[in-house]
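Each chain, written out:
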Amino acid sequence: MSVKRTLLVPAILLLVLCLGSAQSCRKLRPGQERNLPPETFLTSVPLENSFVFYRVKLFWGGLDPDGQVAGYYYFMSDGKQGSTVNRWVWTTGSEAEFTLAADAPNTLSHVFYCKAVDERGLEDPTPAFLYFYSIDTNRPRVKFTRSYAVTPQGETQPLTAATETMLQDETPGDTIPTNSSVFFSWWGWDEDPGGYITGYLYKLSTEPQRHEGGLADTTFSGLMSEQGKYSFEVLSVDDAGATTKTTSGHSDTLRYFVVNYDPDTWIVPPCEGCPKG
């Protein structure tokens, strides 16, 4: 019995030492914890390089292999800019509607970027993206509601020449005396579904650049103190940033007029008392 006890005690001590050694090894060499990034995908979006209406709704989603998606960062870029542009918008949703610029002259390229973020704040290192073009189907329209001049004598004269040809053909034509005052008013509309006017651009031909007006800027007046041929132009601007389509002498956007009457010529008798002839 004493021999067995002598052999059993060292065996038990050896087993305890081995177990203790194994536990201590685990604590000294812990496994490296990994957090895998989420993946992002786009769904129900236009085809790559396709043309779409400037008001578009986009959808997206994400998957996290070792956790859950907490939200997304997205931004819409004009042109093929990189995803490092600091214009990210945070959202916990998976859809958004955008009203895009479409004014170059009526189409413009865009890139939409989106990246998922997991519950630990880790972002998808390869954001999903889509390149496409926006198009403004109907350019905004504008129409003159008043177009006239008031002479120094207080007479009102309509200004109706929408083209230079009409200005030359009219008898006596849209010609007004020097120091007359001209008055114009207008209104605009957009035929796109849900489209609306945001403002107007207008100028007299002698001005260096157009005035940028809001919705309330629908009138213009000026004193014409110098002779010459003039035109007044007005364009409307819609929510896509597009302007009224202009053509040569477009009646919806232009009015032509001349300041100072042409001189008259007539024959008089050669001397006082001479017969007419």
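Residues numbered from 1 in each chain as written. Predicted model: local features only at pLDDT ≥ 70, side-chain atom pairs only at ≥ 80, totals over all residues. Heavy atoms only, no water.

Our focus in this paragraph is the overall build of the chain. When helices and strands are tallied, the chain shows 2 helices and 17 strands. The buried share of the chain, reckoned over its 277 residues, is 36%. Looking at the chain alone, contacts between residues at least 24 apart form 70% of all its contacts between residues at least 6 apart. Roughly 17,000 Å² of accessible area belongs to the chain as shown, and the carbon and sulfur atoms make up 54% of that amount. (Helix = DSSP H or I, 4+ residues; strand = E, 2+ residues; numbered from the N terminus. Buried < 20%, exposed > 50% of the residue type's maximum accessible area, 1.4 Å probe, protein only. Contact = heavy atoms within 4.5 Å. Areas by Shrake-Rupley, 256 points an atom, 1.4 Å probe, with all protein chains shown as cover.)

Structurally, T206 is set in the loop between β13 (197-204) and β14 (211-213). In sequence terms T206 and S231 are 25 residues apart; their C-alpha atoms lie 8.4 Å from each other.

Once that is clear, we can look at the nonpolar core. Judged by nonpolar contacts, the single largest core of 19 residues is most densely connected at V182, F184, W186, F232 and F257. Every element with two or more residues in this core is listed here: β9 (141-150), β12 (180-189), β13, β15 (219-224), β16 (228-238) and β17 (254-259). Per element, the largest residue contribution to this core is 4 residues, and it comes from β13. The contacts of F232, once residues within four sequence positions are left out, are F144, F184, W186, Y202, K203, L204, F220, T253, L254 and R255. Counting residues in each nonpolar core, the second largest holds 15 residues, with F98, F112, L130 and F132 among its members. (Core = buried A, V, L, I, M, F, W, Y, C linked by side-chain atoms within 4.5 Å.)

What follows deals with the sheet that holds strand β6 (residues 95-99). An order of β1-β3-β6 is seen for the 3 strands of this open sheet, with the pairing classed as antiparallel. The open sheet terminates on both sides in strands that have one partner only, identified here as β1 (39-43) and β6. Adjacent strand axes in the sheet meet at a mean angle of 30 degrees when their direction is disregarded. Pairing analysis gives 5 bridges linking β1 to strand β3 (residues 55-63), with the strands arranged antiparallel. Looking at β3, one finds that L42 is bridged to W60. (Pairing = 2+ DSSP bridges. Axes fitted to C-alpha atoms, helices over the stretch in contact; angles between N-to-C directions.)

Sheet architecture is open: 5 strands sit in the order β2-β8-β7-β4-β5, paired in mixed fashion. Looking along the sheet, the strands with just one partner apiece sit at the ends: β2 (51-53) and β5 (89-91). Here the average twist between neighbouring strands, direction ignored, is 35 degrees. Here β2 runs beside strand β8 (residues 128-135); their pairing, made up of 3 bridges, is parallel. Note on β8: the bridge partner recorded for F51 is Y133.

The next thing to look at is the pairing of strand β7 (residues 107-118). Counting buried positions over the 12 residues of β7 gives 10, a clear majority of the element. Alignment of β7 against β8, held across 8 bridges, turns out to be antiparallel. Looking across to β8, one finds that V111 is bridged to Y131.

The phi dihedral of S44 is positive, around 55 degrees, even though this residue is not glycine. Position of S44 relative to the elements: it lies in the loop between β1 and β2. One non-glycine residue, N179, lies in positive phi territory at about 70 degrees. Positionally, N179 belongs in the loop between β11 (175-176) and β12. Residue N179 is classed as partly exposed on the basis of its relative accessible area of 41%.

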